[in-house]
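Spelled out from the first residue to the last, the chains are:
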Amino acid sequence: MCTNYAAVGLLNEWAEAHERFLGRRLRLPFNASNMTWKQDLWPKYEGMFVRPVDAADPSGDLEPVVGRWGLIPSKHKTAAKEFKLSTHNARSETMAKSWSFERAFAKRRCVIPASWLIESTGPKGAMTKHRISRAEGGPLFLAGLWDRAELPEGPMESYTMVMQEAVEGDDMRPFHSRQPVFLTAENVGTWLNPTADV
């Protein structure tokens, strides 16, 4: 499962990357220069995710959002610090029926932009870190889910990274038995459409 990734760069650079690699326009907010996120991301850090501007039009423009990596479902009503489940990754085979993810899967899918992922191999205390990136250069785009919880301290938007099995022959298999769902211009529209069979 993924516990560390990076999203390095300025928002306008990510907008260009979304058009180049996904063929999708990223609509930047007026306060774009004030949008900041952790570029080296660990669970519970503030990261960037991207979602349709209009939920009813998943094929339209996208908007960037900064939120907590580690989804807090809308069903959770107490303080964020009281939410103890590990939700930075969602298993693709169980997310549709998971207490934490079922509502987000049904209505709130997103894209997680990443410069690279970090996976570690080897024994504890002597692990080797591997930086996983696109072979031909450029960013990665990963399937995610997002949600908005109304908490006592105020509303909180958060997201999770969708993970699937890494089978023999997959590039990620030497590093881990599971891997993110990688999005391309060909499949991003299907992923963002909550009525599509994925």
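Conventions used here
Residues numbered from 1 in each chain as written. Predicted model: local features only at pLDDT ≥ 70, side-chain atom pairs only at ≥ 80, totals over all residues. Heavy atoms only, no water. Core = buried A, V, L, I, M, F, W, Y, C linked by side-chain atoms within 4.5 Å. Buried < 20%, exposed > 50% of the residue type's maximum accessible area, 1.4 Å probe, protein only. pLDDT = per-residue confidence, 0-100. Helix = DSSP H or I, 4+ residues; strand = E, 2+ residues; numbered from the N terminus. Pairing = 2+ DSSP bridges. Salt bridge = Lys/Arg side-chain N within 4 Å of Asp/Glu carboxyl O. Disulfide = S-S within 2.5 Å.

This paragraph deals with the nonpolar core. Of all hydrophobic cores here, the largest spans 47 residues; its most connected members are Tyr5, Leu145, Tyr159 and Trp191. Ranked by size, the runner-up nonpolar core spans five residues in total, among them Ile72, Phe83, Ala149 and Leu151.

To continue, consider the confidence of the model for the chain. Confidence along the chain averages 91 in pLDDT terms, with 97% of residues attaining 70 or more. Mean pLDDT values over the elements of the chain span from 86, in strand 8 (residues 128-132), up to 98, in strand 6 (residues 109-114).

Okay, the pairing of strand 4 (residues 62-69) next. On a regular strand, each side chain points to the face opposite its neighbour's, so the side chains alternate between the two faces of the sheet. When you tally the buried positions in strand 4, you get six out of eight residues, the bulk of the element. Pairing geometry for strand 3 (residues 46-52) and strand 4, over seven bridges, is antiparallel. The partner of Gly47 across the bridge, within strand 4, is Gly67. When strand 4 meets strand 10 (residues 154-165), the two strands line up parallel, connected through two bridges. Residue Arg68 lies in a different strand from strand 10, and its bridge partner there is Ser158.

What follows concerns the sheet that holds strand 1 (residues 5-6). Pairing is antiparallel across the open sheet formed by four strands, whose spatial order is 2-1-7-8. The open sheet has two edge strands, strand 2 (40-41) and strand 8, and neither has a second partner. Examined bridge by bridge, strand 7 (residues 116-121) and strand 8 share five bridges and lie antiparallel to one another. Residue pairing in the sheet places Ser120 in a bridge with Lys129 of strand 8.

Here we take up the pattern of salt bridges. Inspection of every chain in the model, using the stated rule, returns eleven salt bridges. Where Arg178 meets Glu93, a salt bridge forms, and the shortest distance between an N and an O atom there is 2.9 Å. In this pair, Arg178 is assigned in strand 11 (residues 178-180) and Glu93 in the loop between strand 5 (89-91) and helix 2 (102-107), connecting sequence segments 85 residues apart. In this structure, the salt-bridge partner of Arg148 is Glu157, at a minimum N-O distance of 3.7 Å. Here the residues in one salt-bridge network are Arg51, Glu63, Arg148, Glu150 and Glu157, joined through shared partners.

This model, assessed by the stated rule, comprises zero disulfides. Left unpaired, Cys2 is separated from the closest cysteine sulfur, that of Cys110, by 14 Å.

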